[in-house]
Structures are given as structure tokens and as C-alpha cells.
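Okay, here's what each chain looks like letter by letter:
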Amino acid sequence: MEDEVTETNDSISFPKGKPYCSLLNDLHYGTRRKRSTGLPSSCIGWVLSAYTFLVIIFVLVGATHGLGYLGSKAFKDRLDAGEIAVLVANILFFVYVEGYLGFYRSWAPVTANRCMLAGSLLCREQPIQSGFLILLSPLFALGYFWASKRRLVISYTLIVMIFLLAIGVRSLPQPWHAIADCGVAAGLGTGTLSFVYFYTLAIFRKVMPPDVDHPITNEEDHNDHLDPL
């Protein structure tokens, strides 16, 4: 029964094997899947998808608020013309590189897509995998398991980069510390909005957000996919 579920050409399903042995394996993506394949089909699925989305939003908003508060310290002291120019340039840089290129073009649509998948993958024929997914759905959506090798590398590398960036910024004197925080907060806020955009648009249009790791190959379905600009 498990093989039948896994090998369906028009669906997305768990990888073969025991859950704890296949965590670094990618999901099975049917070659004939449609643009709506992956949307939850049950109330429980939609609840899990919404829960996953809200947990990630909570983390993003909390991080943006915290960095924004730290960045606001830059305005407590009078900045000279050079520092103001660096502040503006830093904000524009992070909005474009982090918010647009990093989030809008890649992370946001893929994570919104996996939030939907978290709800649609639930199945009675695979209770262990489904239970595991329910417990760790936010980590699944963030690409820490059951993802492509590319997504796994990006997800785990991103954690290391954030940690190193935090250490580097913390060592900066004021106002440069606060100026750096303003830029990161602006980029993170832009990315959060793009994540909300892709998730809510998928709900209203009933079309899966684009997945750069597993693009739709059917040309007719691909044209109506929620591709980012």
C-alpha cells in the first residue's frame, strides 16, 4: 500500500523507508502533478498548514521586532551626514538582497509551498510519517528534513550564517551596531510580508506557491503557477 502511495505520478508523497532513516531523502514528486497538487484536502490538513504558517510568522515577526528595537537606538544619538548615508544605503541593500532576492525570489514561496504540503501529506496509510510531520511541521516547512539536497544545504547553511552574522554585528560599536540592525530588520520585514503574500495568495487562488526545487514541468500548468516576478 505504501508503494502505491509513493509512486503515484500526479501526487506528492512521503519518501520510501522508515521515517527516521529517510529524513534526509526528498519527497516523491509525481511527474504529472498539477498546479493545485499539494493543497490540503481536509479540515485537519488546513489546520496543520495554518498552524505551521503561524509558527513561522511568530518567529519572523519576533525577530523583526527585536532587531528593529535594537536598530532604533541609532536614532537616539544625532547621526552625522555620513552615518545617515550609510544607514539609508544599508537599509536599501538589505531590502533588495535579503528581502527581495533571498526571501521573495526563493525562501518565501518555497516555505509557503511546504506549509501547504505539511497539511496535504497527512495520510492514514502512513501514520508514523504523519505523526512525525504533525510534531515537527514548522521544521519541515523550513526545509530541515524531507527536502531536496539543495534545500537541506541552504537551510542548514543559513543557520550557521545567521549565527556568525549575529556574532559579527554584536562586536560593532554604536551607532554601527544599530545601523546594521536596522538593515537586517528592514530586509527581514520585507521577507515576512512576501511570505504572507505567497501563502494567502495560494489560498485565494487555490494554486500552490512556486517551488524552485521542484518546478512544474507541464507548460499549461506552469503558466498559471504563482511564479514570483
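For the structure, see preceding data.
Residues numbered from 1 in each chain as written. Predicted model: local features only at pLDDT ≥ 70, side-chain atom pairs only at ≥ 80, totals over all residues. Heavy atoms only, no water.

Undergrad: What's the story with the environment of Leu135 in this structure? I'm lost.
TA: By the element assignment, Leu135 lies in helix H4 (residues 127–135). Here the alpha-carbon distance between Leu135 and Leu48, two residues 87 residues apart in the chain, equals 10.0 Å. (Helix = DSSP H or I, 4+ residues; strand = E, 2+ residues; numbered from the N terminus.)

Undergrad: What should I look at first to understand the nonpolar core in this one?
TA: When a protein is soluble and globular, its nonpolar side chains tend to lie buried together. Judged by nonpolar contacts, the single largest core of 31 residues is most densely connected at Leu27, Leu117, Leu121, Phe140 and Phe195. Of all the secondary-structure elements, those providing two or more residues to this core are helix H2 (43–71), helix H3 (81–120), helix H5 (137–141) and helix H7 (176–205). Counting residues per element, this core draws most heavily on H3, which supplies nine residues. Setting aside residues no more than four positions away along its own chain, Leu117 makes contact with Ile12, Leu27, Tyr29, Gly38, Phe140 and Met208. (Core = buried A, V, L, I, M, F, W, Y, C linked by side-chain atoms within 4.5 Å. Buried < 20%, exposed > 50% of the residue type's maximum accessible area, 1.4 Å probe, protein only. Contact = heavy atoms within 4.5 Å.)

Undergrad: Help me understand empty space enclosed by the protein, please; the structure alone is not making it clear to me.
TA: Gaps left between atoms are located by rolling a probe of water-molecule size over the structure's atoms. A full pass over the atoms with the stated rule returns two cavities of 30 Å³ or more. Space inside the largest cavity adds up to approximately 70 Å³. Taken together, twelve residues form the lining of the largest cavity, with Ile12, Arg33, Thr37, Asn113 and Ile216 sitting closest to its centre. Per-class residue counts for the lining of the largest cavity are five nonpolar, four polar and three charged. Taken as a whole, the second largest cavity encloses approximately 30 Å³ of empty space. (1 Å grid on protein atoms, 1.4 Å probe; cavity = no way out; pocket = protein on both sides within 12 Å on 5 of 7 lines; lining within 4 Å. Points joined across faces, edges and corners; volume = space filled by probe spheres on them. Nonpolar A, V, L, I, M, F, W, Y, C, P; charged D, E, K, R; others polar.)

Undergrad: I keep staring at H3 and nothing clicks. Help me out?
TA: Side chains of residues three or four places apart in an α-helix project in the same direction, reflecting 3.6 residues per turn. The largest bend along H3 reaches roughly 60° and is located at Phe103. Two to three positions downstream of the cap, the backbone nitrogen of Gly82 sits 3.1 Å from a side-chain oxygen, assigning the N-cap of H3 to Asp80. (Bend = angle between axes of the 7 residues up to and from the residue. Polar contact = N/O pair within 3.5 Å; in protein donor to acceptor, adjacent residues only side chain to side chain.)

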